[in-house]
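Given next are the chains, with one letter for each unit.
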Amino acid sequence: MINLIFMFSLLFLFSCDDDPVSANDSSSPKLYVCDQGSDRVVVLDASTDGLTQINSISIDFSDVGMGDMSMEIPHFVAIDEPNGYWFVTAFQSGYVGMFDLEEDTLISKIDLGSGSTPALIAVDSSNETLYVSQMMDMGMMSGGDDNLYSIDYSSGQLVDTGGVNLISSGNILSFPQPHAISLDFNTVRGTSLVTASHSADWMSMTRLDNASMTPSAYPFVQGEDFTDDNANGVHDEGEAFVDADGDGQYDQAQEAVIEIDNGFKPLDVTQKDNFIFFSCLGNSTNNISGQVQAWSLTSFNPVSTIEFGVSSKPWHIVSSPTSNEIFVVLSGSEGINAGLSCLSYNENGQLSEKWTNTDPAFDTLHGVAISPDGTRAYVSSRGNGSIYVFDAVSGTLLNTVEGVGMMMDMGDMSMGSLSGIAITQ
């Protein structure tokens, strides 16, 4: 019998077909997508908008097989093209797998330990290191806290190197559910690794090119702001303030010991041009809209925000390989249509909406990948198992490729299960 944890995971996330359609042409761009419900990674030919299936890779890292109905749940896929590998996380089994990019064969796998929940991946191909985030809470399954996993693969095998402790600097007490993750090189701060807590509205930046990798944490809100009536920069008696921790007295802004939770719920992050872009689910209880926030990597101050409305649920986010644009998936819910939005930004990081395409036919969208020439956007659906192909310049829907993910009967409804998606460059 499928266990309760798996059933709750399906309800939140999500999608066997074992028939590869065509032979692999190494000259064609390949699109990889996780099919969580059938424990597969499906490989598609991205040379045309038809996305013909090339291969179907079974994920069975824990060697339990389907006989006992245990599931791996492959969630996210990332590619290291210079070194010829691709990687996938399996959050229920706690494994990460490493595959040959040309042959799509398993090279190495690693069990990250009891209770581990590997989620998203950032790849440092120069140093052959993976940084892996953790899942957020889902139903009866608890997400991870306080650290990112780090895995070395320079030997051709996956080796656990101990992780990145997000509270090692001592300026916060906990860093729950670090799900979002992004790695960028040659920034104003060198090699920058960024994550965010899904439940406590903290972000963290770690410089990976420092002698000592010490994370620094920053709140999404600035602690307890006060009305500086006499403009002396100090809170004086009688000046009103926001009592964030309810202790009846003013505490310095960005007070370290307070777990600030305003309900932004950051889910994913990308970096480009010394800016950080967070997709945030928002919170209907606190009347906080789903949004994309732009932050300066130079000053760690907020620069710009685009709101999509309560229940729009901005999900995964990526930057364009060719222009100053970012793409964010809108998962949709509660009468709000799902879709994809393209946002542009100027030299100051100010965001503006270029186009947004939403439709009632789009069902619980999840992952997004952009073609190397910046002309196509590919979006996976965990609602109906389809992949949507968009013109990334105009936002026009070019094709709906159905039947990629397995459909699952959930009683009075059916669900697909596609999640993470990536394309060779």
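Here's what I pulled together on the structure shown here. (Residues numbered from 1 in each chain as written. Predicted model: local features only at pLDDT ≥ 70, side-chain atom pairs only at ≥ 80, totals over all residues. Heavy atoms only, no water.)

Take the overall build of the protein chain next. Broken down by element type, the protein chain carries one helix and 31 strands. In the structure as shown, the protein chain presents an accessible area of about 16500 Å², 46% of it carried by carbon and sulfur atoms. (Helix = DSSP H or I, 4+ residues; strand = E, 2+ residues; numbered from the N terminus. Areas by Shrake-Rupley, 256 points an atom, 1.4 Å probe, with all protein chains shown as cover.)

Time to look at the nonpolar core. Formed by 55 residues in total, the largest nonpolar core has its most connected members in Phe87, Leu130, Leu158, Leu193 and Leu340. Per-element accounting of this core gives the leading share, five residues, to strand S8 (residues 118-124). Apart from the residues lying within four places of it in its own chain, the contact partners of Leu193 are Ala122, Tyr131, Leu148, Val164, Ile181, Ser182, Leu183, Ser204, Met205, Thr206 and Leu208. (Core = buried A, V, L, I, M, F, W, Y, C linked by side-chain atoms within 4.5 Å. Buried < 20%, exposed > 50% of the residue type's maximum accessible area, 1.4 Å probe, protein only. Contact = heavy atoms within 4.5 Å.)

Turning our eyes to something else, we now look at the pairing of strand S15 (residues 202-207). Most of S15 is tucked away: five of the six residues are buried. Examined bridge by bridge, strand S14 (residues 190-197) and S15 share five bridges and lie antiparallel to one another. The residue of S15 that forms the bridge with Val194 is Met205. Where S14 folds back on S15, the antiparallel hairpin that results is connected by four residues, among which Asp201 adopts a positive phi of roughly 55°. Two elements, S15 and strand S16 (residues 216-219), share four bridges in a ladder whose sense is antiparallel. Within S16, the residue paired with Trp202 across the bridge is Pro219. (Pairing = 2+ DSSP bridges.)

Turning to the sheet that holds strand S3 (residues 52-58), a few remarks are in order. In spatial order, the strands read S3-S2-S1-S31; together these four strands make up an open sheet with antiparallel pairing. Two strands lie at the open edges of the sheet, namely S3 and strand S31 (418-423), each paired on one side alone. Each strand axis lies, on average, 20° off the axis of its neighbour in the sheet, ignoring direction. Bridge analysis of strand S1 (residues 30-35) against S31 gives four bridges, and the strand direction is antiparallel. Its bridge partner lying in S31, Asp35 is registered against Leu418. (Axes fitted to C-alpha atoms, helices over the stretch in contact; angles between N-to-C directions.)

To continue, consider the sheet that holds S16. Overall, antiparallel pairing links the four strands, which are arranged S13-S14-S15-S16 in an open sheet. Both outer strands of the open sheet, strand S13 (178-187) and S16, are each paired with one neighbouring strand and no more. On average, each strand axis in the sheet is inclined to that of its neighbour by 20°, with strand direction left out of account.

What follows covers the packing of aromatic side chains. Applying the stated rule across the entire model yields 17 aromatic pairs. Where Tyr85 meets Tyr153, the ring centres are 5.7 Å apart and the plane angle is 90°; that geometry is what we call edge-to-face. One end of the pair, Tyr85, is in strand S5 (residues 85-90); the other, Tyr153, is in the loop between strand S10 (147-152) and strand S11 (159-160), and 68 residues separate them in sequence. Under the relative-accessibility criterion, Tyr85 is labelled buried at 15%. In this structure Tyr153 comes out as buried when scored by relative accessible area, which is 0%. For the pair Phe362 and Phe390, a centre-to-centre distance of 5.7 Å together with 70° between the ring planes defines the contact as edge-to-face. Here Phe362 is found in the loop between strand S24 (351-358) and strand S25 (365-370), whereas its partner Phe390 is found in strand S27 (residues 387-391), with 28 residues between them in sequence. Just as Phe362 is buried, Phe390 falls in that class too. Taken together, the ring pairs in this structure connect Tyr32, Phe61, Trp86, Tyr95 and Phe99 into an aromatic cluster. Arg382 extends its terminal NZ or CZ atom over the ring of Trp315, reaching a point 4.2 Å from the ring centre. (Phe/Tyr/Trp six-rings, centres within 6.5 Å; stacked < 30°, edge-to-face > 60°. Lys NZ or Arg CZ within 6 Å of the ring centre and 35° of its normal.)

This brings us to the pairing of strand S23 (residues 339-345). With seven of seven residues buried, S23 lies mostly within the body of the structure. Side-chain alternation along S23 places Gly339, Ser341, Leu343 and Tyr345 on one buried face and Leu340, Cys342 and Ser344 on a second face that is also buried. As paired elements, strand S22 (residues 325-330) and S23 share six bridges and run antiparallel to each other. Considered in S23, the bridge of Phe327 is made with Cys342. The antiparallel hairpin formed by S23 and S24 contains five residues in its connecting segment, where Gly349 sits at a positive phi of about 85°.

Let us look at the pattern of salt bridges. Applying the stated rule across the entire model yields five salt bridges. Here Asp35 ties to Arg40 by a salt bridge, and the two come within 2.7 Å at their closest N and O atoms. There is no split in this pair, since Asp35 and Arg40 are both buried. Salt-bridge contacts for Glu325 lead to Lys354; the nearest nitrogen and oxygen are separated by 2.8 Å. Placement of Glu325 in strand S22 and of Lys354 in strand S24 is noted, with a sequence separation of 29 residues between them. According to the relative accessible area criterion, Lys354 is partly exposed, its value standing at 39%. (Salt bridge = Lys/Arg side-chain N within 4 Å of Asp/Glu carboxyl O.)

Our focus in this paragraph is the environment of Asp391. Note that Asp391 resides in strand S27. C-alpha of Asp391 to C-alpha of Ala377: the two residues are 14 residues apart in sequence and 6.4 Å apart in space. With residues near it in sequence (within four places) discarded, Asp391 still touches Trp355, Thr375, Arg376, Thr396 and Leu398.

Moving on to the side chain of Ser204. Among the structural elements, Ser204 can be located in strand S15. Ser204 sits in the buried class, given a relative accessible area of 1%. Looking at Ser204, its side chain comes within polar contact range of the main-chain oxygen of Ser216, at 3.5 Å. Setting aside chain neighbours within four positions, we find Ser204 in contact with Leu166, Phe175, Leu193, Val194, Thr195, Pro215, Ser216 and Ala217. (Polar contact = N/O pair within 3.5 Å; in protein donor to acceptor, adjacent residues only side chain to side chain.)

Once that is clear, we can look at unusual backbone geometry. Its identity as a non-glycine residue notwithstanding, Leu51 has a phi of 50°, on the positive side. The residue Asn274 is not glycine, and still its phi comes out positive at about 65°.

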